[in-house]
Amino acid sequence: MNAPLTPPHHSSPDPWQPPGGSAQDGQAWPEQPPAQQGPGMRAELAQAGLALVATAAFGLLLGALWVWIAPRVPLTSDSSAVLLKDVEGEEAIGGDGTFVLLALAFGVVSAVAVFVWRRRGGVPLVFGLALGGVAASLIAWKFGAVLGPTSDVVAHAKQVGKGATFDAPMELHMKGALLAWPLAAMVVHLALTAIFTPKDPEPPTHWDTQD
């Protein structure tokens, strides 16, 4: 038996196949670096819940500061009704403005604290921070009303007597002030994430051409 004179056929390599790639069904795919694995969804939800609870707890401090700093609305009474002592006074607007300014400051501080705690961030963490801000604002509003003057103005007027001046209960006339904390927290946290979080490097693209 004579051996074949021609050598076995070897297919020429694909000139467009990058080094390290594998051919499958006539297509060459470059090897991709393994994706960087972040915390699981369960861990992210746990972190978001912790941020929500911790942020909401500071609503007590906001309520106490609001009662301490905000201007009081003076009331007086006659024999038949309870009246504003100064009809043109701006104490009510000042109370709402004080709440908004304090809430904005607390929103900034809470966003910085959460970012320092978890720099990687994530959508659940941002939502937890925002919901915590809403809860903290509600707690501050209700807690401030409890700490402030009594809400039973009729009984208070009878107690102080006719013509005497007393403080109105703590009220939040502009309910949109409850959104100051969560909005400030979300904006500041997203800004810190965009500025200080390093970007993931793009995978290199290899082009191997042969004559």
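Bear in mind that the values here come from a model prediction, so they are computed numbers and not experimental data.

Participant: Pulling in residues and values, what's your account of the nonpolar core?
Facilitator: Residues Leu-62, Trp-66, Phe-99, Leu-172 and Trp-181 are the most contacted members of the largest nonpolar core, which totals 24 residues. When residues of this core are traced back to their parent elements, those giving at least two are α2 (59-69), α3 (91-117), α4 (123-147) and α6 (180-196). Broken down by element, the residue count for this core peaks at seven residues, all from α3. With residues up to four places along the chain from it excluded, the contact list for Leu-62 reads Phe-99, Leu-102, Ala-103, Phe-106, Ala-140 and Trp-181.

Participant: How would you sum up the side chain of Ser-137? Please name residues and give values.
Facilitator: Tracing the sequence through the fold places Ser-137 in helix α4. Setting aside its immediate chain neighbours within four residues, Ser-137 contacts Phe-99, Leu-178, Trp-181 and Pro-182.

Participant: Outline the packing of helix α1 (residues 41-57) against α4, listing residues and values.
Facilitator: The description of two helices packed together rests on the angle between their axes and the distance between the axes. Running from N to C, α1 and α4 point in directions that differ by 20°, and their axes come no closer than 7 Å. The angle between α1 and α4 falls in the class roughly parallel. Both α1 and α4 take part in a crossing whose hand is right-handed. Touching Met-41, Glu-44, Leu-45, Gln-47, Ala-48, Ala-51, Leu-52, Thr-55 and Ala-56 of α1 are Pro-124, Leu-125, Gly-128, Leu-129, Leu-131, Gly-132, Gly-133, Ala-135, Ala-136 and Ile-139, all from α4. Residues that form the contact of α1 with α4 fall into these classes: 13 nonpolar, five polar and one charged.

Participant: Break down the packing of α4 against α6 for me, with residues and values.
Facilitator: Put simply, α4 and α6 touch, their axes get as near as 7 Å, and they point 155° apart. Classified by the interaxial angle, the pair formed by α4 and α6 is roughly antiparallel. The two elements α4 and α6 cross, and the hand of that crossing is right-handed. Counted together, Leu-125, Val-126, Leu-129, Ala-130, Gly-133, Val-134, Ala-136 and Ser-137 of α4 and Trp-181, Pro-182, Ala-185, Met-186, His-189 and Leu-190 of α6 form the full contact between these two elements. Its residues placed into classes, the contact of α4 with α6 shows eleven nonpolar, three polar and no charged.

Analysis parameters
- Residues numbered from 1 in each chain as written.
- Predicted model: local features only at pLDDT ≥ 70, side-chain atom pairs only at ≥ 80, totals over all residues.
- Heavy atoms only, no water.
- Core = buried A, V, L, I, M, F, W, Y, C linked by side-chain atoms within 4.5 Å.
- Buried < 20%, exposed > 50% of the residue type's maximum accessible area, 1.4 Å probe, protein only.
- Helix = DSSP H or I, 4+ residues; strand = E, 2+ residues; numbered from the N terminus.
- Contact = heavy atoms within 4.5 Å.
- Axes fitted to C-alpha atoms, helices over the stretch in contact; angles between N-to-C directions.
- Parallel < 35°, antiparallel > 145°, perpendicular 65-115°, else oblique.
- Left-handed = near helix turned anticlockwise from the far one by under 90°.
- Nonpolar A, V, L, I, M, F, W, Y, C, P; charged D, E, K, R; others polar.

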